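Residue-level listing of the chains:
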Amino acid sequence: MGCCSGRCTLAFICGMQLVSVLERQVFDFLGYQWAPILTNFLHIILVILGLFGTIQFRPRYVTGYAAWLVLWMTWNVFIICFYLEVGDLSKDSDLIMTFNISMHRSWWMENGPGCRVTPVTPPPSWAPEDHRYISISGCLLDYQYLEVAHSSLQILLALVGFIYACYVVKLISEEEDSSIKTETEERGRRERRESRKRGGRVQKGVDFIGGFDSYGYQGPQKTSHLQLQPMYMSK
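Keep in mind that what you see is a predicted model, and the values were worked out from it rather than measured. (Residues numbered from 1 in each chain as written. Predicted model: local features only at pLDDT ≥ 70, side-chain atom pairs only at ≥ 80, totals over all residues. Heavy atoms only, no water.)

1. Re the packing of aromatic side chains
Right, on to step 1. Applying the stated criterion to the full structure yields eleven aromatic pairs.
Right, on to step 2. Note on F27 and W108: the rings are 4.7 Å apart at their centroids and 45° apart in plane angle, and the pair reads as tilted. Linking F27 in helix 1 (residues 2–30) with W108 in helix 5 (residues 108–111), this pair joins segments that are 81 residues apart in sequence.
Right, on to step 3. Site record: aromatic cluster; members linked through ring pairs are W75, F78, F82, Y83 and Y143. (Phe/Tyr/Trp six-rings, centres within 6.5 Å; stacked < 30°, edge-to-face > 60°. Helix = DSSP H or I, 4+ residues; strand = E, 2+ residues; numbered from the N terminus.)

2. Focus on unusual backbone geometry
Among all residues except glycine, the phi angle is most often negative; among peptide bonds, the trans geometry is most common.
Right, on to step 1. Here Y32, not a glycine, exhibits a phi torsion of approximately 55°, which is positive.
Right, on to step 2. Relative to the helices and strands, Y32 resides in the loop between helix 1 and helix 2 (34–55).
Right, on to step 3. A positive phi angle, near 60°, is found at F57, a position not held by glycine.
Right, on to step 4. Structurally, F57 can be placed in the loop between helix 2 and helix 3 (59–83).

3. A look at the nonpolar core
Right, on to step 1. With 30 residues, the main nonpolar core has L10, Y65, W72, Y83 and A165 as its most contacted residues.
Right, on to step 2. Looking at which element gives the most residues to this core, the answer is helix 3, with twelve residues. (Core = buried A, V, L, I, M, F, W, Y, C linked by side-chain atoms within 4.5 Å. Buried < 20%, exposed > 50% of the residue type's maximum accessible area, 1.4 Å probe, protein only.)

4. What about helix 3?
Right, on to step 1. Taking 1.5 Å of rise per residue, 25 residues should cover 36 Å, and helix 3 covers 36 Å from first to last C-alpha, within 8% of that figure.
Right, on to step 2. Backbone geometry just after helix 3 places E85 at a positive phi near 55°. (Expected span 1.5 Å × (residues − 1).)

5. Remarks on a nonpolar patch on the surface
Right, on to step 1. Taken together, the side chains of L153, L156, L159, V160, I163, Y164 and Y167 present a nonpolar region at the surface, about 590 Å² in accessible area.
Right, on to step 2. By the element assignment, L156 lies in helix 6 (residues 143–209). (Patch = residues over 30% accessible without salt bridge, like charges linked within 9 Å, V, L, I, M, F, W, Y side chains within 5 Å. Areas by Shrake-Rupley, 256 points an atom, 1.4 Å probe, with all protein chains shown as cover. Salt bridge = Lys/Arg side-chain N within 4 Å of Asp/Glu carboxyl O.)

6. Side note on the environment of S151
Right, on to step 1. For S151, the position within the fold is in helix 6.
Right, on to step 2. We classify S151 as buried; its relative accessible area is 0%.
Right, on to step 3. C-alpha separation for the pair S151 and V21, spaced 130 residues apart in sequence, amounts to 9.9 Å.
Right, on to step 4. Those residues in contact with S151, other than ones at most four positions away along the chain, are R24, N76, I79 and I80. (Contact = heavy atoms within 4.5 Å.)

These results come straight from atomic positions and should not be treated as a statement about function.
Written out as structure tokens, the structure reads:
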């Protein structure tokens, strides 16, 4: 019962992770955030493997899933530090999120709740020709805090998933050890039964062979019909 509830809970957590990361993947695609897109794709694959291992009693898959969750939490902590500009990090850097392929920012920057986008004309001379220069105002929540909220949710789900993954691996290992012990005991009982049967057959064979001696077989005896007569010697 404990194993079933633990596995069911972990499967539910994996489902929640898939839903949340797919939602995040959509918005990262819309914002051309290539680094998050790649890590999200890898996360989807590892979560599916963890879900498969949970359903099919594959502790190695669940262990790999748990190890990946540690890296996934580390990545999301870095995303939080990036958008909050901790240390020397800057959320306006193009190298980390887009690999300098484009100047796009998070999709939430222009489409956040209450945001009003106003094109700036004429654009400044340094602006690329294929990009538009805009002004954003009226946002109820800045885009970096929305990204932080997304990463915080992923960290929370990953932390709970890691705890349950370790718990499920422990339960599966205990079940395997218990089944091996049961099989060993059953094999030992079966061997003892077969040994007793063989011993019984050998004992019956020995009794059958030695049965003739128990009744004392005696061969026919010949009786002499000659009578002894005294002999007299003449002087």
